[in-house]
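Chain by chain, the residues run as shown.
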Amino acid sequence: MEKRNFDSYLFHEGTNYKSYDYLGAHQYTKDGNYICSFRTWAPNAVSVSLASDFTTWDTPLPMNRVTDDGVWETTIENDTSFEGMFYKFSITGRDGKTYLKSDPYAFCSETLGSSASIVYDINKFSWSDEEWLKSRAARLESDKKKGHFFSAPMNIYELHLASWKTRNGETTADGKNYMSYREAADEISAYVKNMGYTHIELMPIMEYPFDGSWGYQISSYYAPTSRFGKPEDFAYFVNKMHETGIGVILDWVPAHFPKDRPGLFEFDGEPLYEYQGADKMEHRGWGTRCFDVGRCEVQSFLISNALFWMKEYHIDGLRVDAVASMLYLDYDRGPGEWTPNVNGDNKNLEAIAFFQKLNSAVFAEIPDVLMIAEESTAWPMVTKPASDGGLGFNFKWNMGWANDMFEYVASDPIYRQYEHNKLTFPMMYAYSENFVLPVSHDEVVHGKKSLIDKMFGSYDDKFSGMRAFLVNMMTMPGKKLMFMGCEYAQFREWDFANQLEWFMTEYPRHTEMQRFVRALNNLYVSSPELWEIDDSWDGFEWIYPNSSDINVVAYKRRDIKGNELVTVVNYSPVKREKFVLDKIKRGKYTPVINSDLYEFGGGGIGSTEEIKSVTEDDDRETLTFTLPPLCGIIFRRTGSLPAKAKKKQTDAKSPSKKDTEKNKKTSSEEESKKDKTKNTKKAETNSSAKKTASKTAKSKKKSEKNTNKA
């Protein structure tokens, strides 16, 4: 079978994972001439023609139907290159209507109201990110040796390229003030690296017609938007990130597409890329059409697209948008608007099979990339392998954690004791999936308030509360994600039509917050205790999970070698003098982060100096320190103490493990010395305790508690 026929066979089987090499526009040279082939899939079309700069837009060049399953083709020859020329497919449907359609497989497209596809060679850029790609593969091998999944730091900075920063700080509404891919690459890579992030996540950059969709209504899945430059400019952007040591994740939208006439909408005059039945065809709330992921050709289109960005643009992973909307047949649909599956329930079996096929195909070809699900429900086994019945992703956004935390920090501290389970419940399911803890774009728009403005209290309390929240977030199990602008506490909700309010960093509180986030991020990246074991209880231990009466949580994070960081977070506006931290190892401890320091905008309460643990009566080791209000502190054990002297047994009794090891028989003289500083009642209690102890020397029970008061 010749290659073209084999490619066609695989495409219709749903297993052509490089279908972009078969369909679309492809130029090559032969005998000194330029030849360009054009193919598109339109099985319901009566006729298909090529309208272009190099034919005639008014009288398109007819194309031939070359397969029974609806692939149309034409090849044209010229003595000059077709590079950069514009084209569309003129498609006449069975209803007799003709529409000009963009090429679904175009590598380059017009933008901002124009929709022609552009013949383009995407291999112009010379990559220099070999070391990055090698390190990515090495990380996977390291995970296997350690026996833990993704035992490396991942701290993601999510950004919307159009509104991160614009030229001269002016509006983006007219499309003239966007920074280019190259300009943005140089600024963003330096900023993100300095701030201590490990990855960026770009909201969709595939070509989209409407700015107000934020990129989530895509018109050309294989073309980086021309708003910011050419395909090689986007390649420069990714390459620059990799050279700086920053991974690149793209938002990817396989759930739905817009109903713009030049796009995928009823491509050959009838529903083709979308479902055909009214019960699954549309997301009415979004005004979009839903991909028919049960159709083999659509599977080839989407899976090829996922791999396209990873192979051709070296993307490190995809955050897959709106997964829940695909998994549930009744998603955003009322009674009578959806049809149960063959089992009689609301699960979309085609979508389940698609995700399993997608993730299996991706990891079979590129095992060291990321596939991250934005799945907002409790759907089970999202990050379990498809071979085990899971969906096959390797990460999932923990939106339950986000919802709980945002409700908690918005509540009045007086009532937080009744909301304490919102701090602790996420640990009940923390290891059921591989989670990313997200503070995403969806949480800082549409009246939900910015992150800083979610915090309860006065102006200063909001900053203190946000710093405490970030300490809590960055030290809990799970990878991290923060949306742009949160790092310096922008008060205004995100506005896609304007750049971030960078002028806020000229004000002290915002500069201090940015400084704090930088310090916290860099501590996270440099501390294996916070990311090496994110997938099991081996890396986490509660100290105080239930201190609801004082709004405090405390816990340990542990790396593979057993090193520990101890975190204490006070969500109360009350300072705790002589706060005692329990269940720690004997040694010297240094606060490596105290969110109440002056340099971070705090009140300067609490020491930054080394603290020695103290051995209590029952051989517990404790730390005693001042815990500032609305504050998070992270301690690291930075030194050891001399070994404790072994206690001698003075009678035949076995020492109790609870309260008695400190208790020893003391001489009358020693007792009298102690009693000089006590009142008469205390002395009488001591005498009584001593008599009681002598009477019950053969017993191991209640006598020791009385003796302990001596």
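Everything in this summary refers to the structure shown in the same document. Since this is a predicted model, take the numbers as computed values, not measurements. In this numbering scheme, every chain counts its residues from 1 along its sequence in written order. Whole-chain, interface and lining totals are the exception, using all residues; otherwise, since this is a predicted model, local features are given only for residues with pLDDT of at least 70 and side-chain atom pairs are given and counted only at 80 or more. As a convention, hydrogens and water are excluded, and side-chain values are obtained from all of the structure's heavy atoms.

## Section: the overall build of the chain
Reasoning step 1: Every helix listed is a DSSP run of H or I at least four residues long, and every strand listed is a run of E at least two residues long, numbered separately from the N terminus. Looking only at helices and strands, the chain features 16 helices and 32 strands.
Reasoning step 2: Using a 1.4 Å probe on the protein chains alone, a residue whose accessible area is under 20% of its type maximum counts as buried, one over 50% counts as exposed, and one in between counts as partly exposed. Going through the 710 residues of the chain one by one, you find that 55% of them count as buried.
Reasoning step 3: Considering only residue pairs separated by 6 or more positions, the chain has 71% of its internal contacts joining residues 24 or more positions apart.
Reasoning step 4: Under the convention used here, a 1.4 Å probe and the Shrake-Rupley method define accessible areas, while residue burial counts only the protein chains that appear. With the model as given, the accessible surface of the chain reaches about 30000 Å², and the carbon-plus-sulfur share is 50%. The criterion used for residue contact is that any of the two residues' heavy atoms lie within 4.5 Å.

## What about the sheet that holds strand 5 (residues 64-65)?
Reasoning step 1: Two strands qualify as a pair provided DSSP detects at least 2 bridges between them. Spatially, 1-2-6-5 is the arrangement adopted by the four strands of the open sheet, whose pairing is antiparallel. Unpaired on one side and paired on the other, strand 1 (24-30) and strand 5 mark the two borders of the sheet.
Reasoning step 2: Bridge count for strand 5 against strand 6 (residues 71-78) is two bridges, and the pairing is antiparallel. Pairing of Arg65 across the sheet is with Trp72, part of strand 6.

## Examining the sheet that holds strand 16 (residues 256-258)
Reasoning step 1: The sheet built from three strands is open, its strands ordered 16-18-17 with antiparallel pairing. Edge positions in the open sheet fall to strand 16 and strand 17 (282-283), since each of these has one partner strand only.
Reasoning step 2: Where strand 16 meets strand 18 (residues 288-290), three bridges bridge the pair, whose relative direction is antiparallel. Opposite His256, over in strand 18, you have Cys290 as the bridge partner.

## Brief notes about the nonpolar core
Reasoning step 1: Counting 166 residues, the largest nonpolar core has Phe38, Phe234, Phe237, Tyr273, Phe469 and Leu470 as its most contacted members.
Reasoning step 2: Considering every element that reaches this core, the biggest residue donor is helix 6 (residues 296-312), with nine residues.
Reasoning step 3: Excluding anything up to four places from it in sequence, Leu470 contacts Leu451, Met482, Met513, Phe516, Val517 and Leu520.
Reasoning step 4: Membership of the second largest hydrophobic core comes to 17 residues, among which are Ala554, Ile584, Leu623 and Leu627. Residue types Ala, Val, Leu, Ile, Met, Phe, Trp, Tyr and Cys, when buried and joined through side-chain atoms within 4.5 Å, form a set referred to as a nonpolar core.

## Section: the pattern of salt bridges
Reasoning step 1: Any Lys or Arg side-chain nitrogen found within 4 Å of a carboxyl oxygen on Asp or Glu counts as a salt bridge. A full pass over the atoms with the stated rule returns 45 salt bridges.
Reasoning step 2: Residues Glu73 and Arg39 are paired through a salt bridge, measuring 2.4 Å at the closest nitrogen-oxygen approach. Of this pair, Glu73 sits in strand 6 while Arg39 sits in strand 2 (residues 33-41); the two residues are 34 residues apart in sequence, bridging distant segments of the chain. Assigned by exposure class, Glu73 and Arg39 land together as buried.
Reasoning step 3: Of the charged contacts, one joins Arg136 and Asp316 as a salt bridge, the two residues approaching to 2.7 Å between their closest N and O atoms. In this pair, Arg136 is assigned in helix 2 (residues 130-146) and Asp316 in the loop between helix 6 and strand 19 (317-320), connecting sequence segments 180 residues apart. Accessibility classification places Arg136 together with Asp316 in one group, the buried group.
Reasoning step 4: Here the residues in one salt-bridge network are Lys259, Glu266, Glu274, Glu282 and Arg289, joined through shared partners.

## Regarding the side chain of Asp129
Reasoning step 1: Relative to the assigned elements, Asp129 resides in the loop between strand 10 (117-118) and helix 2.
Reasoning step 2: By the counting scheme adopted, Arg and Lys are positive, Glu and Asp are negative, and His together with the chain ends is not counted. The buried charged residue Asp129 lacks any salt bridge partner; its closest oppositely charged side chain belongs to Arg136, at an N-O distance of 7.2 Å.
Reasoning step 3: Counted as a polar contact is a pair of N or O atoms within 3.5 Å, where, for protein atoms, one must be capable of donating a hydrogen and the other of accepting one, and residues adjacent in sequence contribute only when both atoms are in side chains. Within polar-contact distance, the side chain of Asp129 engages the side chain of His242 at 2.8 Å.
Reasoning step 4: Here Asp129 is in contact with Asn239, His242 and His314, once residues within four sequence places are set aside.

## Concerning the environment of Ser640
Reasoning step 1: Residue position: Ser640 is located in the loop between strand 32 (631-639) and helix 14 (668-675).
Reasoning step 2: Considering only alpha carbons, one finds Ser640 and Tyr589, 51 residues apart in sequence, at a separation of 9.0 Å.
Reasoning step 3: Beyond its immediate chain neighbours, meaning those up to four positions away, Ser640 contacts Gly587 and Lys588.

## Digging into the pairing of strand 6
Reasoning step 1: Bridge analysis of strand 2 against strand 6 gives eight bridges, and the strand direction is antiparallel. Looking at the pairing, Cys36 lines up with Ile76 of strand 6.
Reasoning step 2: Joining the antiparallel neighbours strand 5 and strand 6 is a turn of five residues, in which Gly70 adopts a positive phi near 100°.

## Here's the deal with the pairing of strand 15 (residues 247-252)
Reasoning step 1: Burial within strand 15 is extensive, with six of its six residues counted as buried.
Reasoning step 2: Where strand 12 (residues 199-202) and strand 15 come together, four bridges link them in parallel fashion. Each bridged residue has a counterpart across the sheet, and for Glu201 the counterpart in strand 15 is Ile249.
Reasoning step 3: Alignment of strand 15 against strand 19, held across four bridges, turns out to be parallel. Paired with Ile249 across the bridge in strand 19 is Gly317.

## Concerning the packing of helix 6 against helix 8 (residues 349-365)
Reasoning step 1: Angles run from 0 to 180 degrees between N-to-C directions of axes, and those axes are lines fitted to C-alpha atoms, restricted for helices to the stretch in contact. Where helix 6 meets helix 8, the closest approach of the two axes is 10 Å, and the angle between their N-to-C directions is 35°. Between helix 6 and helix 8 lies a crossing of right-handed hand. Residues Gln299, Leu302, Ile303, Ala306, Leu307, Met310 and Lys311 of helix 6 lie in contact with helix 8, whose contacting residues are Phe354, Lys357, Leu358, Ala361, Val362 and Glu365.
Reasoning step 2: Residue polarity follows a fixed list, in which Ala, Val, Leu, Ile, Met, Phe, Trp, Tyr, Cys and Pro are nonpolar, Asp, Glu, Lys and Arg are charged, and the others, Gly among them, are polar. Partitioned by chemical class, the residues of the contact of helix 6 with helix 8 number nine nonpolar, one polar and three charged. Handedness of each helix crossing follows the sense of rotation of the near helix against the far helix: counterclockwise by less than a right angle gives left-handed, clockwise gives right-handed.

## Focus: helix 5 (residues 231-244)
Reasoning step 1: Expected helix span is computed as 1.5 Å times (number of residues minus one). Compared with an ideal rise of 1.5 Å per residue, which puts 14 residues at 20 Å, helix 5 spans 20 Å between its outermost C-alpha atoms and is within 8% of the ideal.
Reasoning step 2: Where helix 5 terminates, the next one or two residues include Gly245, which has phi positive at roughly 90°.

## Examining the packing of helix 4 (residues 181-195) against helix 5
Pairs of packed helices are described in terms of their axes, by the angle between the two and the distance that separates them.
Reasoning step 1: For the pair helix 4 and helix 5, interaxial distance at closest approach is 8 Å and the crossing angle is 15°. If you check the angle between helix 4 and helix 5, you find them roughly parallel. The handedness of the crossing between helix 4 and helix 5 is right-handed. In contact with Tyr181, Arg182, Ala184, Ala185, Asp186, Ile188, Ser189 and Lys193 of helix 4, helix 5 contributes Glu232, Asp233, Phe234, Tyr236, Phe237, Lys240, Met241 and Thr244. Under this scheme an angle from 65 to 115 degrees is roughly perpendicular, one under 35 degrees roughly parallel, and one over 145 degrees roughly antiparallel; angles in between are oblique.

## Structural notes on the packing of aromatic side chains
Reasoning step 1: Stacked, edge-to-face and tilted are the three classes for Phe, Tyr and Trp ring pairs, Trp counted by its six-membered ring, which pair at centre distances within 6.5 Å; planes under 30 degrees apart are stacked, over 60 edge-to-face, the rest tilted. Taken as a whole and judged by the stated rule, the model has 63 aromatic pairs.
Reasoning step 2: Ring geometry for Tyr157 against Tyr197: centres 4.9 Å apart, planes inclined by 40°, an arrangement best described as tilted. Of this pair, Tyr157 sits in strand 11 (residues 155-159) while Tyr197 sits in the loop between helix 4 and strand 12, and the two are 40 residues apart along the sequence.
Reasoning step 3: Accessibility expressed as a relative area gives 0% for Tyr157, which makes it buried.
Reasoning step 4: Relative accessible area serves as the criterion here: at 3%, Tyr197 is assigned to the buried category.
Reasoning step 5: Consider the rings of Trp401 and Phe469, whose centres lie 6.0 Å apart with planes at 25°: the pair is stacked. A residue pair is termed long-range when its members are at least 10 positions apart, and Trp401 in helix 9 (residues 399-409) and Phe469 in helix 12 (residues 459-475) qualify at 68 residues. Here the two residues Trp401 and Phe469 agree in accessibility, since each one is buried.

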